[in-house]
Structure formats: structure tokens, C-alpha cells
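Residues per chain, in single letters:
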Amino acid sequence: MSSRSSLCLADHFRKGGWLPASREVLQKWLADALKECADNASRGTFTLLPVIAEFEAFILNNAEMYMRFHQMFEGATSPFPTDYKKLLLLFNKIIQEAPTYGAIGPPIYMVISQAMDTQGGFTTFLSTELNKQFKRIFAHWADFLNTERSRYVLNDKEGGWFSEPALIEMQKHFDGLTFDETFECLPYLAHKGFSSWEHFFNRTFRPHVRTLEFPERDDIINGACESVLYNIATAVKERDTFWLKGEPYSLMHMLNHDPDYAEQFVGGTVFQGFLEVTGYHRWHSPVTGTIKKIVHIEGTYFVQSPATLGEPSMLEDSEADVPPFLRSLAFITSLTTRALIFIESSNPLIGLMCFMAIGMTEISTCEVTVQENQSVTRGDQLGMFHFGGSSHVLVFCPETNITFFSEYDTPGQHVKVRAAIAGVA
């Protein structure tokens with residue numbers, strides 16, 4: 001049983017950096033990016049990066065991929081890429097740049113979103129070999145985002161991450177604190193002392209920010225991520241039709257049929273939130289206990305629920321609507337790249353629980369910073385996402401009598417990391 005209502009989350013997705021500010025803004029950005037690529041090619045100043053050339057060879061030399069990369073663009077409309085060659089040109093451009101703040105959203109998701117919304121795209125993006133190619137592309141991009149060269153967007157100019165609109169968005173949930181008061185940085189230095197774009201994006205809190213609520217009580221479960229609540233579901237089934245409308249959770253698929261622990265969660269409770277691109281991207285333990293097992297699962301990057309295929313996209317429908325992929329966040333828990341951290345709580349009323357870090361589109365690197373058999377206290381860091389926002393899930397066993405507090409039981413509510421979100425009895 002799910003608590004997710006028809007509440008429109010579009011405003012949260014847009015303000016959190018997952019959606020373009022408007023259709024017109026996205027259209028202009030796509031048209032300008034494609035024109036830049038075409039102009040560079042005509043001047044002879046354009047060269048495909050080796051990782052993109054390898055991707056192109058993968059398409060050309062694999063008959064099935066060659067067919068599918070044509071099928072997904074049947075019916076494609078400008079300003080989205082209308083063939084795989086234009087798509088690769090955009091990839092080549094994007095992974096040599098640092099993301100700017102503002103009006104677009106994750107750039108690779110933006111350029112590929114129309115192709116995702118087709119049967120051809122859906123089938124193609126499930127390919128294991130294709131997702132290995134995407135992983136190589138993202139690794140190349142990550143290398144750049146970890147260099148000093150990526151800091152050029154860390155400024156107060158338009159599109160800079162320290163511009164007034166960006167600071168307002170990053171400060172909005174911190175009770176009047178400024179960015180400099182909230183996050184560890186060196187305000188008097190260039191780029192506020194951040195050594196790279198990645199360093200900025202995985203910034204840490206100052207010691208007085210997001211301290212643990214009710215540290216003395218072991219019957220409290222705390223927020224694992226700074227996030228927006230997407231869904232709460234109870235009595236979750238062992239296996240379910242996660243690809244149909246309604247997005248029921250399918251525990252065995254979510255937990256990768258884990259032979260040690262998956263069955264213990266059948267009939268239990270799921271709490272899912274999504275992180276904002278503009279937010280804080282580290283994960284913290286919701287309970288005190290012992291890390292029993294850590295599992296890394298390679299998965300997909302660009303799939304939406306097949307129940308949403310062909311539904312209006314960002315350029316075709318009211319801007320109040322959430323596009324198909326962002327209505328598929330429960331669906332992707334069974335398929336995308338993710339990390340599982342099983343924790344045995346020291347309070348038997350909580351018992352075994354699982355934290356899931358879930359990649360979304362190009363934001364799919366899940367770094368776990370704890371080890372198996374390690375003891376953790378509520379609020380301790382478990383790991384982080386790289387590049388930006390994503391999704392996370394807390395899974396509890398059916399024996400855990402958990403009640404989510406009223407501030408954290410309705411989709412769209414902001415969840416503070418380390419806040420008391422639930423209790424057990």
C-alpha cells in the first residue's frame with residue numbers, strides 16, 4: 001500500500017534542479033548547444049573525445065545497437081537531437097564542461113529525455129553493454145569535475161553557483177543561515193576555497209548545522225538524506241508489477257535477490273525521497289547499529305517506467321506536470337545503479353533495516369564510506385553521491401512497528417538529514 005497521492009511535485013523538481021525553468025529556456029539551450037557543435041564542426045575545430053568515439057564505434061559495430069539508435073529517434077523533433085550523431089556531439093560538449101546553476105537541470109538527461117520517452121529508447125537503454133559505455137563516459141566527466149579547471153562556474157556571475165539565485169536556493173532550508181554559515185568553505189578565497197566542482201558539490205556542513213535530533217533516544221529513526229519525500233509504502237510485496245501504473249515496489253528486485261537478507265523485508269515498509277541537485281549529497285545513518293553487508297549493483301541510467309512511455313514530455317505539456325522519468329522514481333528502484341547498506345540496529349524494536357542509494361540519470365555514482373562489521377551511530381556518514389541529487393530509500397522489516405511523524409509523512413515535504421523522522425514502539 002502506497003501513500004503517494006496525485007500531489008504535483010513539479011515545483012519541487014524544478015526548484016531542486018531536476019527540471020528546466022520553462023519550455024522556452026530548454027528549447028533555447030538545446031538549439032544553442034547544437035548550433036555551437038555544428039559551428040565548431042564546420043570550422044574544423046571539433047574532435048570527438050576518445051570515450052565518445054568509442055561510444056560511436058559501439059553503435060556502428062553492433063547491429064542491434066545500430067538499429068535501436070535509429071528507432072529511438074523516429075519521430076524525434078527539434079530542438080532535441082534527431083539522430084544519434086547529434087546526440088554524441090552534445091555528449092562530447094557536455095562532458096568537457098562543468099554544470100552551471102540555473103535553468104536547465106542535469107544536461108545529459110535533458111538532451112536524452114525525448115528518446116527515453118519512446119519504446120525504442122526504453123528497450124535500448126536497458127542494454128547492459130550500453131550502460132557500460134555510459135559508465136565510461138561518466139567516469140571521464142568525473143575526472144574533469146575533480147580538477148581545478150572545473151571551478152570556473154564557482155562564481156557570482158549569471159549561471160554561477162555563488163550567484164544570488166543559486167545562493168537563495170541552496171540556503172532556503174537552513175533557517176536564515178547563509179551559504180558561508182551553513183557549509184565548510186573559505187569565503188575570502190577564490191571559489192570559496194573549493195578545489196574543484198566536485199569538491200563544491202560534496203560540500204560538508206559546519207559543525208553546528210543539522211545536528212542529530214534526540215540523540216539520547218534509541219527509538220527514533222533519523223533522516224538519512226537531505227531530500228524531498230516522494231513516497232511511503234507499507235506491506236510491500238516480495239515481487240510486484242513495478243513496471244505498471246502505480247509503481248508498486250518489488251522488494252526482491254530492489255534488494256537484488258540478496259540471499260542473506262532480502263526475504264526478511266517482505267511485507268515491510270519503504271520510505272523514498274529524492275535529493276535536490278542544489279542540495280546536500282552525503283548520506284547518514286538513520287539508526288545506531290552494525291553494518292552487516294554492503295552491496296553495489298550495476299544497473300541502468302536512462303530508463304523510465306514503460307507505463308509512462310509516450311506520455312507528454314517537458315516540451316509538450318503543461319509546465320505544472322512532472323515528466324515521465326520523474327514519475328518513475330519507484331520503478332527505478334528495481335533497475336538502476338544503486339548501493340545497499342544493511343544495518344542491524346542496536347534497538348531490537350527497529351531490528352534489521354536497509355539504506356538504498358539510487359542513481360538517477362547521469363547522477364549515478366554511489367560511494368560508500370563505511371565498511372562491513374563497522375559500528376555506526378545515528379547521524380554518522382555512510383557515503384555520498386557524486387555530481388548531485390539522486391534518490392534514496394529506507395526499508396524496514398514487517399516486524400518494525402514504525403510511525404512517521406507528521407512533518408515527514410506526505411509527499412513533497414522537505415526531509416532534513418539527521419532530523420527525527422519516525423519512531424518505533
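What comes next concerns the included structure.

What counts, and at which threshold
- Note on numbering: residues in each chain are counted from 1, in written sequence order.
- Only residues with pLDDT of at least 70 get local features here, since the model is predicted, and only at 80 or more are side-chain atom pairs given and counted; chain-wide, interface and lining totals rely on the full set of residues.
- Working from all heavy atoms in the structure, the side-chain values ignore hydrogens and water.
- To pair, rings of Phe, Tyr and Trp, with the six-membered ring standing in for Trp, must have centres within 6.5 Å; the planes then decide the type, stacked if under 30 degrees apart, edge-to-face if over 60, and tilted in the middle.
- Secondary structure elements are taken from DSSP: a helix is a run of H or I of four residues or more, a strand is a run of E of two residues or more, and numbering for both begins at the N terminus.
- Here the term buried applies to any residue with accessible area under 20% of the maximum for its type, exposed to any over 50%, and partly exposed to those in between, with areas from a 1.4 Å probe on protein chains only.
- In this scheme, Lys NZ or Arg CZ marks a charge over a ring once it lies within 6 Å of the ring centre and within 35 degrees of the ring normal.
- Strands are labelled as partners when DSSP assigns at least two bridges between them.
- Only the contacting stretch of a helix is used when fitting its axis, a line to C-alpha atoms as for every element, and angles between N-to-C directions run 0 to 180 degrees.
- An angle below 35 degrees is treated as roughly parallel, one above 145 as roughly antiparallel, one from 65 to 115 as roughly perpendicular, and anything else as oblique.
- Pairs of residues are marked as contacts when any of their non-hydrogen atoms sit within 4.5 Å.
- Throughout, the ten residues Ala, Val, Leu, Ile, Met, Phe, Trp, Tyr, Cys and Pro are labelled nonpolar, Asp, Glu, Lys and Arg are labelled charged, and all others, Gly among them, are labelled polar.

Topic: the packing of aromatic side chains
Piece 1. Evaluation of the coordinates by the stated rule reveals 34 aromatic pairs.
Piece 2. With a centroid separation of 5.5 Å and 50° between ring planes, the pair formed by Trp-161 and Phe-200 is classed as tilted. With a gap of 39 residues between them, Trp-161 in the loop between α8 (128–145) and α9 (164–171) and Phe-200 in helix α11 (residues 197–201) connect regions that are remote in the sequence.
Piece 3. You can call Trp-161 buried: its relative accessible area is 3%.
Piece 4. According to the relative accessible area criterion, Phe-200 is buried, its value standing at 0%.
Piece 5. Measuring from ring centre to ring centre gives 5.0 Å for Phe-179 and Phe-183, while their planes differ by 45°; the resulting arrangement is tilted. Residue Phe-179 shares its accessibility class with Phe-183, and that shared class is buried.
Piece 6. Ring-pair connections join several aromatic residues into one group, and the members of that group are Tyr-101, Trp-161, Phe-162, Phe-174, Phe-179, Phe-183, Phe-194, Trp-197, Phe-200, Phe-201, Phe-205 and Tyr-280.
Piece 7. Sitting over the ring of Phe-162, Lys-192 keeps its end group 5.1 Å from the ring centre.

Structural notes on the sheet that holds strand β10 (residues 381–386)
Piece 1. Pairing in this open sheet of three strands is antiparallel, and the strands run β4-β10-β8 from one edge to the other. Strand pairing shows two members of the sheet lacking a second neighbour, β4 (282–284) and β8 (365–368), which therefore form its edges. Mean inter-strand twist for the sheet, computed between neighbouring axes without regard to direction, equals 20°.
Piece 2. As judged from the four bridges shared by β8 and β10, these two strands associate in the antiparallel manner. Bridge assignment links Cys-366 to a residue of β10, and that residue is Phe-385.

A closer look at the packing of helix α2 (residues 23–43) against helix α6 (residues 107–116)
Piece 1. Look at α2 against α6: their axes get within 11 Å of each other, and the N-to-C directions meet at 95°. Regarding the angle of α2 to α6, the classification is roughly perpendicular. Facing Leu-26, Trp-29 and Leu-30 of α2, the residues of α6 in contact are Pro-107, Met-110 and Val-111.
Piece 2. Here the contact of α2 with α6 is composed, by residue class, of six nonpolar, no polar and no charged.

Here we look at the environment of Asp-143
Piece 1. Mapped onto the secondary structure, Asp-143 falls in helix α8.
Piece 2. The exposed category is assigned to Asp-143, whose relative accessible area is 55%.
Piece 3. Separated by 55 residues in sequence, Asp-143 and Glu-198 place their C-alpha atoms 9.5 Å apart.

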